[in-house]
Amino acid sequence: MNRADRLFHLHGLLRTARYPVAFDTLRDKLEVSAATLKRDIRYLRDHMEAPILYDRRYNGYRYDPNAPEFELPGIWFNDTELYALLAMEQLLDAVQPGLLGNSIGPLKTKVRKLLGEGGQKADLVASRVCLQPMAVRRTNDAVFGQLSGAVFNERPLTIAYHGRERDEPSTRVIHPYRLVHYRDNWYVIAWCERARNLRTFALDRIRKARPADTAFRTSDPRTLRHHIGASFGIFTGSARDWAVLRFTPERARWVADETWHPDQIGRWEGGAYELQVPYSDPRELAMDILKYGPDVEVIAPEDLRGLIAERLRAAATLYRTL
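Residues numbered from 1 in each chain as written. Predicted model: local features only at pLDDT ≥ 70, side-chain atom pairs only at ≥ 80, totals over all residues. Heavy atoms only, no water.

Quick word on the overall build of the protein chain
When you go through the protein chain residue by residue, the secondary structure sums to 11 helices and 12 strands. For the protein chain, buried positions account for 38% of its 322 residues. Of the contacts made within the protein chain by residues no fewer than 6 positions apart, 60% connect residues no fewer than 24 positions apart. Element-wise, carbon and sulfur atoms account for 50% of the exposed surface of the protein chain, whose accessible area totals about 19,600 Å². (Helix = DSSP H or I, 4+ residues; strand = E, 2+ residues; numbered from the N terminus. Buried < 20%, exposed > 50% of the residue type's maximum accessible area, 1.4 Å probe, protein only. Contact = heavy atoms within 4.5 Å. Areas by Shrake-Rupley, 256 points an atom, 1.4 Å probe, with all protein chains shown as cover.)

Remarks on the sheet that holds strand β3 (residues 60-63)
Spatially, the three strands line up as an open sheet ordered β1-β3-β2, and their pairing is antiparallel. Strands at the two margins of the open sheet, each flanked by one partner only, are β1 (21-22) and β2 (52-55). Judged from the two bridges that link them, β1 and β3 form a sheet pairing that is antiparallel. Each bridged residue has a counterpart across the sheet, and for Ala22 the counterpart in β3 is Gly60. Strands β1, β2 and β3 of the sheet are contacted by helix α1 (residues 3-16), whose axis makes an angle of about 80 degrees with β3. (Pairing = 2+ DSSP bridges. Axes fitted to C-alpha atoms, helices over the stretch in contact; angles between N-to-C directions.)

Here we look at the side chain of Asp40
Its location among the elements puts Asp40 in helix α3 (residues 34-47). Non-local contacts of Asp40, meaning those with residues more than four positions away in its chain, are made with Arg3, Arg6, Leu7 and Leu10.

Some thoughts on α3
Compared with the 20 Å implied by 1.5 Å per residue over 14 residues, the 19 Å span of α3 between its first and last C-alpha is a close match. For α3, the set of buried residues is Thr36, Leu37, Asp40, Ile41, Tyr43 and Leu44. Each buried residue of α3 lies within a common arc of 160 degrees when the element is viewed along its axis, so the set occupies one face. With its phi angle positive at about 60 degrees, Glu49 sits one or two positions after the end of α3. (Expected span 1.5 Å × (residues − 1). Arc of directions from axis to C-beta.)

Points about the sheet that holds strand β5 (residues 168-182)
Judged by pairing direction, the sheet is antiparallel, and its five strands sit side by side in the order β7-β6-β5-β4-β8 without closing on themselves. Pairing within the sheet leaves two strands with one partner each, and these edge strands are β7 (197-202) and β8 (206-211). Averaged over all adjacent pairs, the angle separating strand axes in this sheet is 45 degrees, with direction ignored. With seven bridges connecting them, strand β4 (residues 157-163) and β5 associate as antiparallel partners. Its bridge partner lying in β5, Gly163 is registered against Glu168.

Some details on the packing of aromatic side chains
Applying the stated rule across the entire model yields 11 aromatic pairs. Taken together through their ring pairs, the aromatic side chains of Phe232, Phe247, Trp260 and Tyr292 make up a single cluster. In this structure, Arg217 is placed above the aromatic ring of Trp191, and the distance from its NZ or CZ to the ring centre is 3.6 Å. The residue whose ring lies beneath Arg251 is Trp254, and the NZ or CZ to ring-centre distance is 5.1 Å. (Phe/Tyr/Trp six-rings, centres within 6.5 Å; stacked < 30°, edge-to-face > 60°. Lys NZ or Arg CZ within 6 Å of the ring centre and 35° of its normal.)

Quick look at the nonpolar core
Counting 26 residues, the largest nonpolar core has Leu147, Leu157, Ile159, Ile174, Val188, Phe201 and Ile206 as the members making the most contacts within it. Mapped by element, the contributors of at least two residues to this core are α7 (141-153), β4, β5, β6 (185-192), β7 and β8. Take this core: its biggest share by element is six residues, from β6. The residues touching Ile159, leaving out its near neighbours within four places in the chain, are Ser170, Thr171, Arg172, Ile174, Phe201, Ile206, Lys208 and Ala209. (Core = buried A, V, L, I, M, F, W, Y, C linked by side-chain atoms within 4.5 Å.)

Overview of the packing of α1 against α3
Contact pair α1 / α3: the axes reach a minimum separation of 10 Å and the direction vectors enclose 75 degrees. Between α1 and α3, the interaxial angle falls into the category roughly perpendicular. Of the residues in α3, those touching α1 at Arg3, Arg6, Leu7, Leu10, His11 and Leu14 are Thr36, Leu37, Asp40, Ile41, Tyr43 and Leu44. Residue composition of the contact of α1 with α3, grouped by class: seven nonpolar, two polar and three charged. (Parallel < 35°, antiparallel > 145°, perpendicular 65-115°, else oblique. Nonpolar A, V, L, I, M, F, W, Y, C, P; charged D, E, K, R; others polar.)

Topic: the pattern of salt bridges
Applying the stated criterion to the full structure yields 17 salt bridges. Two residues, Asp46 and Arg45, come together in a salt bridge whose shortest N-O distance is 3.2 Å. The partly exposed category is assigned to Arg45, whose relative accessible area is 35%. The salt bridge partner of Glu269 is Arg267, with a shortest N-O separation of 3.0 Å. Overall, Glu269 belongs to the partly exposed group, its relative accessible area being 31%. (Salt bridge = Lys/Arg side-chain N within 4 Å of Asp/Glu carboxyl O.)

This is the structure in structure tokens:
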């Protein structure tokens, strides 16, 4: 039997026992080794918080008769664990057959096995919990394979890149360090020889990639962590300013429970909610601010406040005839 079945069986044996059940009896009924039984008892007690008591005289176990009645939950993952497993399964489903070849099948089997250990069948969990992607951009499988191999094996690449900002093609030699999956899309953090600095490239805008005939430039892990996490959103690098946003009491009920950045500062002020977030580039932050319309005001800095005001005025001109 699998782990979930064993835990259910063990729970049933302990719940119905009037006296401590001997360790050897539990092992025989579950048909497991002593080491496996010990792990299952420890998991049930420590992770599931079952009120298990050990009785030295019987060398056995029972539920504490003075504790509240204990029942196993229907699924044994917290929200982070469940999200990670389902996201992993859906990411693997999205990979085309040509990428990573025979590795995908065994990986999916392992993920589904983990889902099945949560006390429910994997198909049932996957069918009743939905992760809804939004604005997914298609990544070329060959490019993804080249980039992931280069990241893991520390190999520089020559890429043909067509960025959206300038809308013009370019050829660059990059030294890729990290793959980032952000808002349902893939990016690579790399040293760019043309820019002579760290840059973030969207994988869907890389048209071709091939090995570059140059030595790989290594990067300090602390520098990378700071580069990736110092400011708001996908625009990496050190934060150049802090945005101070004031949300209306109606919208604050949602925003106050959200994490926009690990270093954010939030406080309530007369029913409204003030949120401060560090940022290096205002473009993505501006889009997130604008989606709240009249429910948010940019208090500072002045240039960000001016940018939002300009965008709102431009949007208003589209509706003057209404």
